[in-house]
Amino acid sequence: MSPIVEVNELRKQYNPPEGVTAVQGVSFAIKQGEIFSLLGPNGAGKSTTISMLSCLLAPTGGDATIDGHSISQEPKQVKQVIGVVPQEIALYGSISAKENLEFWGKMYGLSGEKLKERVTAVLDIAGLTDRANDKVDTFSGGMKRRINIAVGLLHNPKVLFMDEPTVGIDPQSRRRILDTVKELNAQGLTVLYTTHYMEEAEELSDRIGIIDHGKLIAVGTQAELTELVGQFDTVQLEVGETTEANGTLVTDLAALDGVHQADGEGEHVVVQAEDANLVLPRILQTVTEHGRSIRRMEIQEPNLEAVFLHLTGRALRD
Amino acid sequence: MKIWTIAWKDTLIRFRDRNALILMLLAPLVLSAIIGSAFGGFISGSDPVPFDAIPVLVVNQDDGEQGAQFLEILTSDDLAELLTVTEMADLASAREQVQLGEARAAILIPDTFSSSVEGGVDVETAVSQIQFYADPGATLTPNIVRGVVTQIVNGFNTAAISVDLTVNQLTEQAPILGPEMANLGTALNSELGSTIGQNQLSLSLNDVSVGEEEESLGDISPFAFFAPSMGILFLMFSMVDGTRSILDEQKGGTLDRLVSTPTSSLEILLGKIGGVFLTGALQFVVFVIASSLLFSLSWGSSPLGLALMVLAVVLAFTSLGAFIAAFAKDANQANIIGSVVTLVFAALGGNFVPAQNFPPFLEQLSKISINRWALDGFSDLTLLGLGLNDVLLEVGVLLGLSVVLIGLALWQFQRRIAR
């Protein structure tokens, strides 16, 4: 299937020439009907990338086309085919959900019966038909998030950009949003989804781009990405405090037989091993020898967290 | 269409905000009532203010006939209930008496007055020749005296033009009419100068004749000054506060979301500014109606003049608010700057004490504030009962300021949006 989004060496430097370069020549393509996730820690450049693709920020280099329209040359045409779900709740709290949707629908050029029909449809998608006439200010965080998504769907966009849409909400609302994204995708909607939650990227995505410090460091399906780290297990440790510098513990753990890599700061230590079960006793012994207690321990089979650690030398949560 | 959609949405949000409603509608009415009553006011128009004739001093330095006529009119029976005129020989003494509060105003008829009027100078020049000194403590009476003086000078000027035209026409026709008719022209020159002028003056004075004077005096209440004054002050507060919503939208993310829709940045900004304008216009219209009903305040006899003034004033304050918001770093800074500018403009523009009572340099300086032009315009309508033509200058200045401020605000906002 042909790509509906093609990003070519996209670059953004704030206040050039001295300012920070938030995105450093990112390239990727999204096929029609695909869910593509940009996975990376806070400050990696995910939101800046999505802002450029939404025509909110002007790129300082490169270009991207969406449904054949250049974001630099044809922003108006681009805006007609994209739906944007921003990270923050971009709604008017003192008017009702329905009034919000009617307003945003008009901003997308809808009117009359078509507008009514779409407002009804997206209220149904959000599961908030019975609360349509209530002020948004009276909604819970999760309900606001759902209306926030509904606004992006009003004009039946070809591509939906979702910038960390589950930040700061309860697990139930999060579950509902993830299910909604999957349902919309099943109906043919192409989705660009940014997140720093590895689990969301794993659950939703057809393909994933891992982004860090403004650079796209890997792109592929989950299987393709985990192959990058081989078959290493990941042991995540939360250790007690000590006066000793953490670096010594990490160095000693990395030197153990069967350990591929060890990294971490403060109380968090991440160890990659060929077989976690075999090496675990030696890990525990080393931690104890350093006078540290173990507060929590988690063993993971190869996943995106491990991929990120492998590619950047840092844990995703850092 | 999208501009209207944004403007209406903002108006809806504003009028659903209880705090904003208190600031926009209740506060100016309550303050008008308190201050108006404190200055010896009345609530009902059927209960007029006890009103003594205003003590005025006149120094006539003009030896000509026009100066004498001017004085004669001022001391005429028609104006006796309005003014108590005392003639003085020395300007310095007259000013001193005004400063001591013995009189409310001093009028100087300069020695060039007759020659100017007979030479057919325009009204503005003739008025500017009459010097006027007001009691700094007085709020309303200087405006009344000034209005009377303007009316009289208007009459003089019209008369002088009539004389000029007649004499000039006769002189041009002299070769055809013969030497007798040419002499007649010269004779008329001196005769019409007084006769026609006198007729014109009496016509002009009919504007403040006894019949209408009673009605006019019934309207001279502190509310006629303080209601527009408070209305303007709180309009300014809410306009400056309203335009800040552009920055609030930027902070809250809705501005970015608007930009991500197929809506141009110009449409967005005009919609936002339009919303503030619409809110302000509704606010002032409600205030005019409410103050008319509650205080029996007459907003003048020119609905068109009033409508133009309301639109011009609201647009000017909207533009000022947009200008402040456009150049402020964030909503917080816009709030601080807006509050300071509002209070300084209110004090300077005469919202608390009429600017006519300021020292001359401050009185001139007050013209940089929108409030001064707004108050002058509304005073012309409510205090002096003047019409549309008399507020065109104020409307023009306010619209001119609006164009400049909105232009700069749009330019800066577009720069901020295009990142």
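Residues numbered from 1 in each chain as written. Chains lettered and ligands numbered in written order. Predicted model: local features only at pLDDT ≥ 70, side-chain atom pairs only at ≥ 80, totals over all residues. Heavy atoms only, no water.

Draft legend 1. Looking closely at the overall build of chain B. Helix and strand counts for chain B come out as 18 helices and four strands. Counting across all 419 residues of chain B, residues that qualify as buried make up 50%. For chain B, long-range pairs separated by at least 24 residues make up 80% of all intrachain contacts whose partners lie at least 6 apart in sequence. Carbon and sulfur atoms make up 61% of the accessible area of chain B, which totals about 18200 Å². (Helix = DSSP H or I, 4+ residues; strand = E, 2+ residues; numbered from the N terminus. Buried < 20%, exposed > 50% of the residue type's maximum accessible area, 1.4 Å probe, protein only. Contact = heavy atoms within 4.5 Å. Areas by Shrake-Rupley, 256 points an atom, 1.4 Å probe, with all protein chains shown as cover.)

Draft legend 2. Representation of the confidence of the model for chain A in the model. With 97% of its residues at a pLDDT of 70 or more, chain A shows a mean pLDDT of 89. The least confident element of chain A is helix H11 (residues 304-312) of chain A, whose mean pLDDT is 81; the most confident is helix H3 (residues 97-107) of chain A, at 96. (pLDDT = per-residue confidence, 0-100.)

Draft legend 3. Seen up close, the packing of helix H2 (residues 18-38) of chain B against helix H13 (residues 265-295) of chain B. Residue and element names in this part refer to chain B. Running from N to C, H2 and H13 cross one another at 35°; their axes reach a closest spacing of 10 Å. Both H2 and H13 take part in a crossing whose hand is right-handed. Across the interface between the two elements, Met24, Leu25, Pro28, Leu29, Ser32 and Ala33 of H2 pack against Thr279, Gln283, Val286, Phe287, Ala290, Ser291, Leu294 and Phe295 of H13. (Axes fitted to C-alpha atoms, helices over the stretch in contact; angles between N-to-C directions. Left-handed = near helix turned anticlockwise from the far one by under 90°.)

Draft legend 4. Structural detail: the sheet that holds strand E3 (residues 105-109) of chain B. Residue and element names in this part refer to chain B. Reading across the sheet, the four strands line up as E2-E1-E3-E4 and stay open at both edges, with mixed pairing between neighbours. Strand pairing shows two members of the sheet lacking a second neighbour, strand E2 (83-88) and strand E4 (131-134), which therefore form its edges. Pairwise comparison of adjacent strand axes, ignoring direction, gives a mean angle of 20° for this sheet. As paired elements, strand E1 (residues 54-60) and E2 share six bridges and run parallel to each other. Each bridged residue has a counterpart across the sheet, and for Pro55 the counterpart in E2 is Thr84. Taken strand by strand, helix H3 (residues 65-74) contacts E1, E2 and E3, and its axis lies near 170° from that of E1. (Pairing = 2+ DSSP bridges.)

Draft legend 5. A look at the interface of chain A and chain B. The interface is formed by 29 residues belonging to chain A together with 21 residues belonging to chain B. In total, chain A and chain B occlude about 2200 Å² of area from one another, counting both sides; carbon and sulfur atoms represent 63% of this. Of all residues in chain A, the largest losses of buried area upon contact with chain B belong to Leu56, Tyr92 and Met107 of chain A, amounting jointly to 30% of the total for that side. For the pair chain A and chain B, the number of links is one salt bridge. Remark: the boundary between chain A and chain B carries nine residue pairs in polar contact (both at pLDDT 80 or more). Every element with two or more residues in the side of chain A that touches chain B is listed here: helix H2 (75-81), strand E6 (82-85), H3 and helix H5 (141-153) of chain A. In terms of residues, the side of chain A that touches chain B owes the most to one element, H3 of chain A, which gives five residues. Its residues placed into classes, the side of chain A that touches chain B shows 17 nonpolar, six polar and six charged. (Buried area = accessible area lost by both parts, 1.4 Å probe. Salt bridge = Lys/Arg side-chain N within 4 Å of Asp/Glu carboxyl O. Polar contact = N/O pair within 3.5 Å; in protein donor to acceptor, adjacent residues only side chain to side chain. Nonpolar A, V, L, I, M, F, W, Y, C, P; charged D, E, K, R; others polar.)

Draft legend 6. Region of interest: the confidence of the model for chain B. Residue and element names in this part refer to chain B. Averaged over every residue, the pLDDT of chain B is 77; the share at 70 or more is 76%. Ignoring residues within four places in sequence, the model shows residues 41-50, a span with pLDDT below 50, making 20 contacts including any to other chains. Confidence estimates for the predicted assembly give a pTM of 0.69 and an ipTM of 0.80.

Draft legend 7. Seen up close, the pattern of salt bridges. Residues and elements named next belong to chain A. By the definition in use, this model includes 23 salt bridges over all chains. A salt bridge links Glu164 to Lys46; the shortest N-O distance between them is 3.3 Å. Separated by 118 residues along the polypeptide, Glu164 in the loop between strand E7 (159-163) and helix H6 (171-186) and Lys46 in helix H1 (residues 46-53) bring together distant segments of the chain. Per residue, the accessibility class of Glu164 equals that of Lys46, and both read buried. Note that Glu238 is salt-bridged to Arg296, the shortest N-O span being 3.5 Å. On the criterion of sequence distance, the pair formed by Glu238 in strand E11 (residues 233-239) and Arg296 in strand E14 (residues 294-300) is long-range, its members being 58 residues apart.

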